[in-house]
Amino acid sequence: MAAGTIRYWAAAKAAAGTAEEPYAAGTLAEALDAVRDRHPGELTRVLQRCSFLIDGDPVGTRPHETVRLAEGGTVEVLPPFAGG
């Protein structure tokens, strides 16, 4: 299990009510499950439309349970942006 930071942007930030929070998880799937437990409701819906960067690298279409998280890493949660 690794510890790091999840950063929320735009609609994800608004739904989470915070710009960032820590994670303790081995994979992106585990980290997102914990996020859904902490923030039921709107953020859960927003996450369905988000893309993710792990330490600056796009996750793309990889299954989240295969994306390993690093100690001290950063997960960026990026909802679709208007015009972008």
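Scroll up for the structure.
First, a word on scope: everything that follows refers to the structure included in this document. (Residues numbered from 1 in each chain as written. Predicted model: local features only at pLDDT ≥ 70, side-chain atom pairs only at ≥ 80, totals over all residues. Heavy atoms only, no water.)

Below, the discussion takes up the nonpolar core. If you look at the biggest cluster of nonpolar residues, it comprises 22 residues, and the most contacted ones within it are F52, V75 and V77. Among the elements of the structure, β1 (2-8), α1 (10-16), β2 (20-25), α2 (28-38), α3 (42-47), β3 (51-54) and β5 (74-78) are those that each provide at least two residues to this core. Beyond its immediate sequence surroundings of up to four residues, V75 is in contact with T5, I6, R7, Y23, L28, F52, L53, I54 and L69. (Core = buried A, V, L, I, M, F, W, Y, C linked by side-chain atoms within 4.5 Å. Buried < 20%, exposed > 50% of the residue type's maximum accessible area, 1.4 Å probe, protein only. Helix = DSSP H or I, 4+ residues; strand = E, 2+ residues; numbered from the N terminus. Contact = heavy atoms within 4.5 Å.)

Further remarks concern the side chain of T27. One can find T27 in the loop between β2 and α2. A relative accessible area of 5% means that T27 is categorised as buried. Excluding residues that lie within four positions of it along the chain, T27 makes contacts with H64, E65, V67, R68 and L69.

Positionally, P58 belongs in strand β4 (residues 57-58). With 18 residues separating them in the primary sequence, P58 and E76 have C-alpha atoms 9.3 Å apart. Look past the residues within four positions of P58 in its chain and what remains in contact with it is F52 and L53.

What follows concerns the sheet that holds β2. Ordered in space as β2-β1-β5-β3-β4, the five strands form an open sheet in which the pairing is mixed. In the strand order of this sheet, the two ends are held by β2 and β4, each with one partner. In the sheet, β3 pairs with β5 via four bridges, with the strands oriented antiparallel. By the bridge assignment, L53 is partnered in β5 with E76. On the sheet, α2 packs against β1, β2, β3 and β5 and is oriented at approximately 125° with respect to β2. (Pairing = 2+ DSSP bridges. Axes fitted to C-alpha atoms, helices over the stretch in contact; angles between N-to-C directions.)

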